[in-house]
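Here's the letter readout for the chains.
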Amino acid sequence: MGGLRCVDGSYLSVTPIACRDSVGRPYEITLELHRDGTPYGSVGERCGWLLARLARGVDEARRDGGAAGRWADPDDRFPGEASDSELFSFRYRTRSGAGGGELRCQLRTIPRWQPVTGEWRLTRRAYVEAWCATGVGTRAVLTSAELSGFVRGLVEEAEGCLDGRDLARNPVQGAGTGESR
């Protein structure tokens, strides 16, 4: 179970739960949220592939930077070129539309005055925000290293829920292969 200490002092637990097909075989994940042990929502139906892609993207940005290389500190490096962009947004979905909880991650550029040098220093942070059905929210502010550890932990746990299947790859059997059951 992955988790984050939030700026309000609460603890947000995020647990991958396997989605199962009609014969009971796990094929993807949904995320269960708990705030300080209390159920907070269920979000991100079939979000495992996106989380695996994000984990790779954050690790690549930290390593060599690419477009993110303009940030000297690896903790400020995130995937994508935009300074303030959204890395993911997972919501609870019902047949009648959206409702319930939400979990999202946005990048923000934060200017900080450095009195010693007399200059502004820009940092980037990931703001992971969660809301429950009643609209109560919480937020954690993460460096790219902290975001990488959080997402990588979710991906590893999710792959365990899926009987070891690699979320980064589409399976060669099942839907789209002409194979029937």
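Bear in mind that the values here come from a model prediction, so they are computed numbers and not experimental data. Starting from 1, residues in each chain are numbered consecutively following that chain's sequence as written. Whole-chain, interface and lining totals are the exception, using all residues; otherwise, since this is a predicted model, local features are given only for residues with pLDDT of at least 70 and side-chain atom pairs are given and counted only at 80 or more. Computation of side-chain values: all heavy atoms of the structure, hydrogens and water removed.

*Asks:* Explanation requested: unusual backbone geometry in the structure shown.
*Replies:* Across residues other than glycine, the phi torsion is negative in most instances, and most of the peptide bonds are trans. At Asp 36, a residue that is not glycine, the phi angle is positive and equals roughly 50°. Strands here are runs of E lasting at least two residues and helices are runs of H or I lasting at least four, both read from the DSSP assignment and numbered beginning at the N terminus. When you line up the elements, Asp 36 lands in the loop between strand S3 (26-35) and strand S4 (38-43). When its relative accessible area of 52% is taken as the criterion, Asp 36 is described as exposed. The residue Arg 46 is not glycine, and still its phi comes out positive at about 60°. Here Arg 46 is to be found in the loop between S4 and helix H1 (48-63). Working definition: with a 1.4 Å probe on protein chains only, accessible area under 20% of the residue-type maximum means buried, over 50% means exposed, and in between means partly exposed.

*Asks:* How should I be thinking about the sheet that holds S4 in this particular structure?
*Replies:* Between any two strands, at least two bridges found by DSSP are needed for them to pair. What the four strands build is an open sheet, ordered S1-S2-S3-S4; its pairing is antiparallel. Two strands close off the open sheet at either side, each with one partner strand: strand S1 (2-5) and S4. Put simply, the sheet's adjacent strands are angled 25° from each other on average, direction ignored. Strand direction decides the pairing type here: S3 and S4, joined by five bridges, are antiparallel. In the strand pairing of S4, Arg 35 is matched with Thr 38. Each of S1, strand S2 (11-20) and S3 touches helix H2 (residues 144-161); the most contacted strand, S2, lies at about 30° to it. Lines are fitted to the C-alpha atoms to define the axes, a helix being fitted only along its stretch in contact, and any angle between axes, read from their N-to-C directions, falls within 0 to 180 degrees. Between two residues, a contact is recorded if the distance between any of their heavy atoms is within 4.5 Å.

*Asks:* Sorry, what's going on with H1 here?
*Replies:* Spacing of three or four residues puts side chains on the same side of an α-helix, whose turn is 3.6 residues. The length a helix should cover is 1.5 Å for every residue beyond the first. An ideal rise of 1.5 Å per residue puts 22 Å on 16 residues; H1 measures up with 23 Å between its terminal C-alpha atoms. Turning to H1, its buried residues are Gly 48, Leu 51, Ala 52, Leu 54, Ala 55, Gly 57, Val 58 and Ala 61.

*Asks:* Help me out: how do you make sense of H2 in this one?
*Replies:* Spanning 18 residues, H2 covers 25 Å between terminal C-alpha atoms, matching the ideal 26 Å at 1.5 Å per step. Of the residues flanking the end of H2, it is Asp 163, one or two places downstream, whose phi is positive at about 60°.

*Asks:* Hey, could you run me through the pattern of salt bridges in this one?
*Replies:* Where charged atoms from two side chains of opposite charge approach closely, those side chains can pair. Any Lys or Arg side-chain nitrogen found within 4 Å of a carboxyl oxygen on Asp or Glu counts as a salt bridge. Scanning the model with the defined rule gives 11 salt bridges in all. The partner of Arg 139 in a salt bridge is Glu 129, with the nearest N and O atoms 2.8 Å apart. Of this pair, Arg 139 sits in strand S8 (residues 137-142) while Glu 129 sits in strand S7 (residues 119-131), placing them 10 residues apart in sequence. By relative accessible area, which is 3% here, Glu 129 ends up buried. Within this structure, Asp 73, Asp 76, Arg 121 and Arg 125 form a network of salt bridges that share partners.

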